[in-house]
Amino acid sequence: MMKRLVTCSVTLWLLWLGVNGATDQLERPNIVIIVADDLGWNDVSFHGSNQIPTPNIDALAYDGIILNRHYVPPLCTPSRASLMTGKHPMNIGMQDHVILSDEPWGLGLEQKLMPEYFREAGYRTHLVGKWHLGFFRRAYTPTYRGFDSHFGYLGPYIDYWDHSLQMNETSARGLDMRRNTDVNYGANGTYATDLFNDEAVRIIHSHDRKQPLFLVLTHLAPHTGNEDDPMQAPEDEIAKFSYIQDPKRRTLAAMIARIDTGVGRIYRTLEERSMLNNTIILFYADNGAPTVGVHANSGSNYPLRGQKYSPWEGAVRGAALIWSPLLPQKGIVSDQWLHVSDWLPTLGFAAGIESIPTGTTIDGQNQWLTLQSPTAKGRSVVMNNADRRFGYSSYTKLGWKYINRTCFAGAYDTWLGEIIDSDNVTEDDYYSLLMDATNIGASLHISLDKVEEIRKTAAINCSSDVEEILCEPLVKPCLFNIIDDPCERRNLADVYPEALLDLQLDVERYKRNALPPRNKPHDNAADPALYNNTWTWWQDAIDEEHSSHYILYLSAAVEILLILIIIWCGYKYYTRSHKK
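Residues numbered from 1 in each chain as written. Predicted model: local features only at pLDDT ≥ 70, side-chain atom pairs only at ≥ 80, totals over all residues. Heavy atoms only, no water.

Asker: Got a minute to help me understand the overall build of the protein chain in this structure?
Answerer: Secondary structure summary: the protein chain contains 15 helices and 19 strands in total. Rg of the C-alpha trace for the protein chain: 27 Å, near the compact-globule value of 25 Å for 580 residues, within the 12% margin. In terms of overall dimensions, the protein chain has a C-alpha envelope of 115 × 70 × 50 Å along the principal axes. Buried positions account for 58% of the 580 residues belonging to the protein chain. Nonlocal contacts in the protein chain, meaning residues at least 24 apart in sequence, comprise 73% of its contacts between residues at least 6 apart. (Helix = DSSP H or I, 4+ residues; strand = E, 2+ residues; numbered from the N terminus. Rg over C-alpha atoms; globule rule 2.2 N^0.38 Å. Buried < 20%, exposed > 50% of the residue type's maximum accessible area, 1.4 Å probe, protein only. Contact = heavy atoms within 4.5 Å.)

Asker: I tried to follow the sheet that holds strand β15 (residues 338-339) on my own but got confused; where do I start?
Answerer: Strand pairing within a sheet occurs via backbone hydrogen bonds; the two strands may be parallel or antiparallel. If you trace the 3 strands from one edge of the open sheet to the other, you get β12-β3-β15, paired in mixed fashion. Taken across any chain shown, the strands that pair with only one partner, and hence form the sheet edges, are β12 (317-318) and β15. (Pairing = 2+ DSSP bridges.)

Asker: Would you mind showing me how to read the pairing of strand β17 (residues 393-397) here?
Answerer: One face of the sheet, then the other: side chains in a regular strand alternate in exactly this way. Of all 5 residues in β17, 5 are buried, a share of seventy percent or more. Residues Ser393, Tyr395 and Lys397 of β17 are buried on one face, and the alternating residues Ser394 and Thr396, pointing to the opposite face, are buried as well. Pairing of strand β16 (residues 381-386) with β17, which is carried by 5 bridges, proceeds in the antiparallel orientation. Each residue of the ladder has a partner; that of valine 382, found in β17, is threonine 396. Taken together, the 5 bridges between β17 and strand β18 (residues 400-404) define a ladder with antiparallel strand orientation. Across the sheet, tyrosine 395 pairs through a bridge with tyrosine 402, a residue of β18. Linking β17 back to β18 in an antiparallel pair, the connection comprises 2 residues, with leucine 398 at a positive phi of about 50°.

Asker: Explain the state of the cysteines to me, please; I cannot follow it from the model alone.
Answerer: What is meant by a disulfide is a covalent connection between two cysteines, made through their sulfur atoms. Enumeration according to the criterion identifies 2 disulfides in this entry. The residue that forms a disulfide with cysteine 462 is cysteine 487, at a sulfur-sulfur distance of 1.5 Å. The sign of the S-S torsion, about 55°, decides the handedness of the disulfide formed by cysteine 462 and cysteine 487: right-handed. Residue cysteine 462 is located in the loop between α13 (448-458) and β19 (478-481), and its partner cysteine 487 is located in the loop between β19 and α14 (497-513); the two are separated by 25 residues in the primary sequence. Cysteine pairing in the protein chain follows 1-4, 2-3, where each cysteine in a disulfide is numbered by its order in the sequence. The thiol sulfur of cysteine 76 is not disulfide-bonded, and the nearest other cysteine sulfur, from cysteine 407, lies at 14 Å. Residue cysteine 76 is classed as buried on the basis of its relative accessible area of 3%. Between cysteine 407, a cysteine without a disulfide, and cysteine 471, which holds the nearest cysteine sulfur, the sulfur-to-sulfur distance is 13 Å. (Disulfide = S-S within 2.5 Å.)

Asker: It is not clear to me how helix α11 (residues 427-434) should be interpreted in this structure. Could you clarify?
Answerer: Quick reminder: α-helices carry 3.6 residues per turn. Residues three or four places apart thus point the same way. Buried within α11 are the following residues: Tyr430, Tyr431 and Leu434. Looking down the long axis of α11, one finds its buried residues gathered within 95° of arc, a one-sided arrangement. (Arc of directions from axis to C-beta.)

Asker: Mind showing me how you'd approach the pairing of β18 here?
Answerer: One ladder, built from 4 bridges, connects β18 with β19; its direction is antiparallel. Paired with tyrosine 402 across the bridge in β19 is leucine 479.

Asker: Honestly, a nonpolar patch on the surface in this entry has me stumped. Any pointers?
Answerer: A cluster of nonpolar side chains, namely Val558, Leu561, Leu562 and Ile565, defines an oily patch on the protein surface of about 340 Å² accessible area. Among the secondary structure elements, valine 558 is positioned in helix α15 (residues 538-579). A residue is classified by how much of its surface remains accessible, and valine 558, at 40% relative accessible area, is partly exposed. (Patch = residues over 30% accessible without salt bridge, like charges linked within 9 Å, V, L, I, M, F, W, Y side chains within 5 Å. Areas by Shrake-Rupley, 256 points an atom, 1.4 Å probe, with all protein chains shown as cover. Salt bridge = Lys/Arg side-chain N within 4 Å of Asp/Glu carboxyl O.)

Asker: Any chance you could explain the sheet that holds strand β5 (residues 149-153) here in plain terms?
Answerer: The strand order across the open sheet built from 10 strands is β9-β8-β5-β4-β10-β1-β11-β13-β2-β14, with neighbouring strands paired in mixed fashion. A single partner strand is all that each edge strand has here, and the edge strands are β9 (182-183) and β14 (332-334). When β5 meets strand β8 (residues 178-179), the two strands line up antiparallel, connected through 2 bridges. For phenylalanine 151, the partnering residue across the bridge sits in β8 and is arginine 179. Those strands touched by helix α5 (residues 192-206) are β4 (124-130), β5, β8 and β10 (213-218), and its axis lies near 175° from that of β10. Strands in contact with helix α7 (residues 247-272) are β1 (30-36), β10, β11 (279-285) and β13 (320-323); relative to β1, the strand with the most contacts, it is inclined by about 175°. (Axes fitted to C-alpha atoms, helices over the stretch in contact; angles between N-to-C directions.)

Asker: Help me understand the pattern of salt bridges, please; the structure alone is not making it clear to me.
Answerer: Two side chains of opposite charge can pair, provided their charged atoms sit close to one another. Tallied over the entire structure, the rule returns 32 salt bridges. For lysine 308, the salt bridge goes to aspartate 38, with nearest N and O atoms at 3.0 Å. Remark: aspartate 38 occurs in the loop between β1 and α2 (55-63) and lysine 308 occurs in the loop between β11 and α8 (313-316); sequence separation between them is 270 residues. Relative accessible area serves as the criterion here: at 9%, lysine 308 is assigned to the buried category. Three or more residues joined by partner-sharing salt bridges are found here, namely Asp37, Arg80, Lys130 and Asp286.

Asker: Help me out: how do you make sense of unusual backbone geometry in this one?
Answerer: Trans peptide bonds make up the majority, and among non-glycine residues the majority have a negative phi. Going from alanine 221 to proline 222, the amide bond is cis rather than trans, its omega being -5°. Relative to the assigned elements, proline 222 resides in the loop between β10 and α6 (235-239). Of the consecutive residues tyrosine 302 and proline 303, the connecting peptide bond is found in the cis state with omega at 10°. The residue proline 303 is located in the loop between β11 and α8 in this model. A positive phi angle, close to 60°, is found at histidine 132, a residue other than glycine. Since its relative accessible area comes to 2%, histidine 132 is described here as buried. Unlike most non-glycine residues, serine 274 shows phi in positive territory, near 55°. Within the element layout of this structure, serine 274 appears in the loop between α7 and β11.

Asker: How should I be thinking about the environment of proline 328 in this particular structure?
Answerer: Positionally, proline 328 belongs in the loop between β13 and β14. Classification of proline 328 as exposed rests on a relative accessible area of 55%. The spacing of proline 328 and leucine 371 is 43 residues in sequence and 8.8 Å in space, taken between C-alpha atoms.

Asker: For this particular structure, what's the right way to read the nonpolar core?
Answerer: As a rule of thumb, soluble globular proteins bury nonpolar side chains together. Ranked by size, the top nonpolar core spans 134 residues in total, and within it Ile33, Phe118, Phe196 and Trp343 carry the most contacts. Ranked by residue count, the leading element in this core is α7, at 11 residues. For tryptophan 343, the contacting residues outside a window of four places in its chain are Leu67, His70, Leu83, Met114, Leu282, Ile322, Leu338, Gly348 and Leu371. With 15 residues, the next largest nonpolar core counts Ile362, Met383, Leu479 and Tyr510 among its residues. (Core = buried A, V, L, I, M, F, W, Y, C linked by side-chain atoms within 4.5 Å.)

Taken by themselves, the reported measurements are silent on function.
Quick look at the structure:
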């Protein structure tokens, strides 16, 4: 009887630990966040497409939780700012456009970032890959914002091989690759995705397990590189996707495959270090894919409407999953609403960090209990964005979605990136890849019957039987029932005017309360030609130059003063001696 009581007590304690997070530093879970840049909803195979197999990512999805309503801002900088602060971009002035490398602004220094909270709780904190939250001054860079280390680049994108960034507007070009604050020249010639995967694996291999690990890997892929050579991947990887007719999408598949390989390597390395059983892995896309237009990579958000930057679901409903042995629910598709700002309070709670505040209805909310139970009540409001540059608004509340105006004169307002069936691998080939011994699916012992069921549940199917009602957001606001109509085909603004007005009033309130955008125009002084052809914190360099000039001027002034004193003393001596 006593043995049963002890066993029951231990079991209850372990369950409590899973819900509430560890409080002892040695029991805090390792956190690994992997972010893909400009990855489309339909560019991973766990949503049902067989064109670009992602077996390692899929294995985590099938053995974890597919987050089928994971919302992100429609652009890179706002999305990253929201992850790092747990706040909505509108509430921190980061809602408009992205930081270009010659613009002197960044995420405000008054904001406390995710790695700072985790470092205070005893974690070793590392960033690998993209930053894109400002570097015009050194104080805005990762190792000054809570990361113990950073290996990667500071701006929006780089060439995959030589790691240079060329600004489209000014043609200024320079190297953007650093280890902490030092320029890294030695990585030149190594494919960026491999470089970042190698670094993540190295960090896990060398990690001292006496401390918990906080690792953020933010890939360049599958974002395009510079405009002179935007789509880049190793030729041997591209050759694996010869069945894809579109050469641009064939290269995209190779870019994504290298991310998938890295996910497998990271999982295996955690397993080798006996860290896997106490680790949370989060994988997500920072925003939707740009199928066409600026930085187009032929990504597919289909059947979702629109693409990156736009107010539509294709921009803001991103591919995402979470995997961990600490989650009692596994192998499910969650339709709970989540926003990227939720991860700071959610992962912080799982780690037993009590100092993380929760915000407003559009700021980060703790979703750990939501992930524990399908019946738990979570988020019901998602503010996608109120963009001042184009003047559009995109907002969801209780399943209703409000859209007013759009971007680029409506060029991204349709359904883009439909996949040709003949460009797919067969179901048998897909399952063979998933269970291949070189991938992690084999070791997770996933049932293929269960996989088939999960894929069907995760897929979005928009019936052609639905009567379409035209939405012209540049003419008047639109309203959608986003649960029944995830593809935004049926505009119900005229059918439910009260619901439209309710959401419109909410949006106007959020806009009034928003902070002014922090954006600044480009600065010619940022030109990397002035700094040994590297992108750097140019305002610090200017200040240091001014400071050195000031010291030189001061030194010269002191010398002149000393000469004058000597002359004056000599004169006084001369006059006195002649009086005698």
